[in-house]
Amino acid sequence: MSTAVPRAPGGAAHAPDRFDDAPFMRACRGQSVPHVPVWFMRQAGRSLPEYRAARGPGSILDAIHQPELVAELTCQPVDRYGTDAAIFFSDIVVPAAAVGFGVDVAPGTGPVVSEPFRSAADLERLRPLEPETDTPYVVEAVRLLAATLDVPLIGFAGGPFTVASYLVEGGPSKNFTKVKSLMLSEPALWQALVERLTDMALASLRSQLDAGASAIQVFDSWAGILTPRHYEELVLPATRRLFADLEASHPGTPTILFGVGTGELLPLMATAGTSVVGIDWRVPLDEARRRVGPGTAVQGNLDPAMCLGSWDVAAAETREVLGLAGTAPGHVFNLGHGVLPETDPGILEEVAALVHAEGRAGVEPVP
Ligand code: 1CP
């Protein structure tokens, strides 16, 4: 057997990841697993008392400048819930903020932009991200985590539509009218914006992988607001380039593409070049598997609201998801969107244990 380290087309060496055989990594690749892996989007923060105790006041953009704090906040949910992966504590607007676009994250609201993106002149405020100098605190925190975690670390970036939506709308939006109008009425400007955001996401993801992250997730959370045709023409090409360029520099790295309300986009998302497509709670997982097709794993998709009431409800709904996931390999259990702030952490702890005990997707039968 050859022991040569495989080389990517770009010449980068692909060092075997020490978590290559972890259940999360195997499920992402559609391989058999000892148990179905589980993690929860937005598992850090909000609902955890230990988060509120450690976090301190101020914007999350201040908190993430402190690598020890970031490492602690990232580890808290892994320790409490026994999840099979950690998600890096950061935010999707960090690269845009780091190059000086003028983004803040207002506690309780989310990203807010003082001068929203309106014209070609605004492209100048989106210079290329240089992770070692623009976000050295990200690189340092990932290094710290890679040295201490017992489970794979998921690095992440925002998808091109979702980050663009904050920059163009100026903050969280309901109908996304400004960004939709820009996409359709100024296609050349949209193209330039999306390419820049894709380059920034790529630079950020590569720096997280180089510092020791084992997998990545692209949160194109709000892409489901688009028609399939608009998604295919105006967002998917850049998303494909993102995954192709990542595969070239970091071959074999598990990748996840996620958005909310993407039922009609799932067959398109499955062509983006990602190993896993994240599914929200609206599409039953057996149907989602059909839409995504063979060769792509799925992640999801318990409705986060099912964790707000009694354990009986959460347990029954978790079993429902596990049943719909079936026995074929390629299922990473997660919520259909982020943990809701009012969630009792005890329920999530029990959900994780139930998934480990009863999940069957890709689990080898005991002889
Ligand atoms: O465990 C974790 O997942 C924490 C790390 C994390 C991640 C993965 C944070 C911390 N943000 C994100 C991604 C993120 N940020 C997404 C994609 C996930 C999703 O769809 O929920 C999005 C859309 C954002 C943008 C954002 N940042 C929002 C949503 C605003 C809206 O449009 O509704 C919010 C509220 C934030 C702030 C934020 N990000 C993270 C935290 C802990 C917070 C709250 C911080 C605070 O209020 O101080």
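Quantities reported herein were computed from a predicted structural model and do not represent experimental measurements.

Visitor: So what's going on with the overall build of the chain? Which residues, and what values?
Guide: For the chain, the helix and strand inventory stands at 16 helices and nine strands. A globule of 367 residues ought to have a C-alpha radius of gyration of about 21 Å, and the chain, at 19 Å, matches this closely. Along the first, second and third principal axes, the C-alpha atoms of the chain reach 65 × 50 × 40 Å. Sequence-distant contacts, at least 24 apart, represent 72% of the contacts inside the chain between residues at least 6 apart. Charged side chains of the chain number 27 positive and 43 negative; the gap between the two group centres comes to 4 Å.

Visitor: Lay out the layout of surface pockets in plain terms, naming residues and giving numbers.
Guide: Considering only enclosed or pocket space, the largest pocket measures out at about 1200 Å³ in volume. Considering the residues around the largest pocket, the lining is formed by 43 residues, among which Arg42, Arg46, Asp91, Gly110 and Pro111 are closest to the centre. The set of elements that each furnish at least two residues to the lining of the largest pocket consists of α2 (49–55), β2 (103–106), β3 (110–113) and α8 (160–169). Split into classes, the residues belonging to the lining of the largest pocket amount to 24 nonpolar, 15 polar and four charged.

Visitor: I'd like a rundown of the packing of helix α10 (residues 187–210) against helix α12 (residues 236–249), residues and numbers included.
Guide: The geometry of α10 relative to α12 is characterised by a closest axis approach of 10 Å and an angle of 30° between their N-to-C directions. Taken as axis vectors, α10 and α12 run roughly parallel relative to one another. Here α10 runs over α12; the crossing is right-handed. Contacts between α10 and α12 involve Val194, Glu195, Thr198, Asp199, Ala201, Leu202, Leu205, Arg206 and Leu209 on the former and, on the latter, Ala238, Arg241, Leu242, Asp245, Leu246 and Ser249.

Visitor: Give a detailed account of the pattern of salt bridges, specifying residues and quantitative values.
Guide: Applying the stated criterion across every chain, the model contains 13 salt bridges. Arg241 is the partner of Asp199 in a salt bridge, and the nearest nitrogen-oxygen pair spans 2.9 Å. Here Asp199 is found in helix α10, whereas its partner Arg241 is found in helix α12, with 42 residues between them in sequence.

Visitor: Account for the site of the ligand, with residues named and values stated.
Guide: Near the ligand, the surroundings consist of 25 residues, among which Arg55, Asp91, Tyr166, Ser221 and His337 are the closest. One of the backbone nitrogen or oxygen atoms of Ser90 is found 3.5 Å away from a nitrogen atom of the ligand. At a separation of 3.3 Å, an oxygen atom of the ligand approaches a polar backbone atom of Gly108. Taking 880 Å² as the accessible area of the ligand by itself, protein coverage stands at 88%. Of all the elements in the fold, those that place two or more residues in the shell around the ligand are α2 and β3. Split into classes, the residues belonging to the shell around the ligand amount to 15 nonpolar, seven polar and three charged.

Quick notes on the rules
Residues numbered from 1 in each chain as written. Predicted model: local features only at pLDDT ≥ 70, side-chain atom pairs only at ≥ 80, totals over all residues. Heavy atoms only, no water. Helix = DSSP H or I, 4+ residues; strand = E, 2+ residues; numbered from the N terminus. Rg over C-alpha atoms; globule rule 2.2 N^0.38 Å. Contact = heavy atoms within 4.5 Å. Lys, Arg positive; Asp, Glu negative; His and termini not counted. Charge placed at Lys NZ, Arg CZ, Asp CG, Glu CD. 1 Å grid on protein atoms, 1.4 Å probe; cavity = no way out; pocket = protein on both sides within 12 Å on 5 of 7 lines; lining within 4 Å. Points joined across faces, edges and corners; volume = space filled by probe spheres on them. Nonpolar A, V, L, I, M, F, W, Y, C, P; charged D, E, K, R; others polar. Axes fitted to C-alpha atoms, helices over the stretch in contact; angles between N-to-C directions. Parallel < 35°, antiparallel > 145°, perpendicular 65-115°, else oblique. Left-handed = near helix turned anticlockwise from the far one by under 90°. Salt bridge = Lys/Arg side-chain N within 4 Å of Asp/Glu carboxyl O. Near = heavy atom within 4 Å. Polar contact = N/O pair within 3.5 Å; in protein donor to acceptor, adjacent residues only side chain to side chain. Areas by Shrake-Rupley, 256 points an atom, 1.4 Å probe, with all protein chains shown as cover.

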